[in-house]
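# A closer look at the structure
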Amino acid sequence: MPIADTPLAGAASPAPGAAEGGEAPASGIARAECPGPPPEDATPPGDTSAADTPPGDWAPVPTPHGLFRLRPVTLPRDLALLTGWMNDPAVAAFWELAGPPDVTEAHVRPQIEGDGRSVPCLGLLDGRPMSYWEIYRADHDVLTPYYPARPHDIGVHLLLGGGTDRGRGVGTGLLRAVTSLILAHRPRTTRVLAEPDVRNVRSVAAFLRAGYRKDRELELPDKRAALMIRDRAPTPPA
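Presented here is a report on the structure given in the accompanying data block. (Residues numbered from 1 in each chain as written. Predicted model: local features only at pLDDT ≥ 70, side-chain atom pairs only at ≥ 80, totals over all residues. Heavy atoms only, no water.)

## Details of the pattern of salt bridges
For clarity, the cut-off: For salt bridges, the criterion is a side-chain nitrogen of Lys or Arg within 4 Å of an Asp or Glu carboxyl oxygen. When a residue's accessible area, from a 1.4 Å probe over protein chains only, is under 20% of the maximum for its type it is buried; when over 50% it is exposed; and in between it is partly exposed.
Scanning the entire structure with this criterion turns up 14 salt bridges. When the shortest N-O distance is used, the salt bridge between D115 and R117 registers 3.4 Å. Looking at R117, the relative accessible area reads 8%, which means it is buried. Measuring nitrogen to oxygen at the nearest pair gives 2.5 Å for the salt bridge that ties R216 to D215.

What follows is the structure in structure tokens.
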């Protein structure tokens, strides 16, 4: 099941089915060292008031595929696992992080040591690490010049680490679960975003199945993206 962005500029086109590997950030997006301009009235990215809780404190949730939880990435413990995933051709086509462990570390460590703008996590299904997620403040990201950002917008990137978890609807089910967790633990967030390449119709369809809508198309530096949005359901009147 594809929850994938297309390769960055210069990457080879993926083979059929390779879209199942992962949904990657465009160049500079969700990188802790490259903040974008915050929108008016946005709070600092490290602000954890108003009952915000970090992903590591989110309780496991049941899904049709098993009990799922997020665990923040730690180095060096998780480096070998992530490096292996990044060297899977289906993942490398989108993330462009194939290579030795220091390539993966250079991508992940700035997020871990940053101010909380982007939180890299492992997704565990029944205790088994099987996916990688980046949960980031889209309103403090270089994505902001390209869409009308709102304070506390949250973006997601993900990849499924193993081929056995692809093509079975697992990604869509986990995307639903993670999106619900974000909205439950980010009370000021009114929507969750993703930006897959418009050419990746399977990815766009997966987000639609997970409750997202296609808001518009964006001309990003490395791709033409479909801005996918999952809105928070309005609170019913008392």
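## Quick word on the environment of L70
Counted only if it meets this: Comment: elements are numbered from the N terminus, with helices defined as DSSP H or I runs of at least four residues and strands as E runs of at least two. Residue contacts are counted whenever heavy atoms from the two residues lie within 4.5 Å of one another.
As for its position among the elements, L70 is in strand β3 (residues 66-72). Taking the C-alpha atoms as reference points, L70 and A59, 11 residues apart in sequence, are found 8.4 Å from one another. If near-sequence neighbours (up to four positions away) are discounted, L70 is found in contact with P55, G56, W58, C121, L122, G123, W133, I135 and V178.

## Here's the deal with the environment of P120
Inspection of the secondary structure assignment puts P120 in strand β4 (residues 118-125). We classify P120 as buried; its relative accessible area is 4%. Separated by 38 residues in the primary sequence, P120 and L158 place their C-alpha atoms 9.5 Å from one another.

## Some remarks on helix α4 (residues 170-185)
Defined as follows: For a helix, the expected span equals 1.5 Å multiplied by the residue count minus one.
Here α4 is 16 residues long and its end C-alpha atoms lie 22 Å apart, about the 22 Å a rise of 1.5 Å per residue gives. Taken across its 16 residues, α4 has 12 buried, putting it largely inside the fold. Looking only at α4, the buried set comprises V170, G171, T172, G173, L174, L175, A177, V178, T179, L181, I182 and L183.

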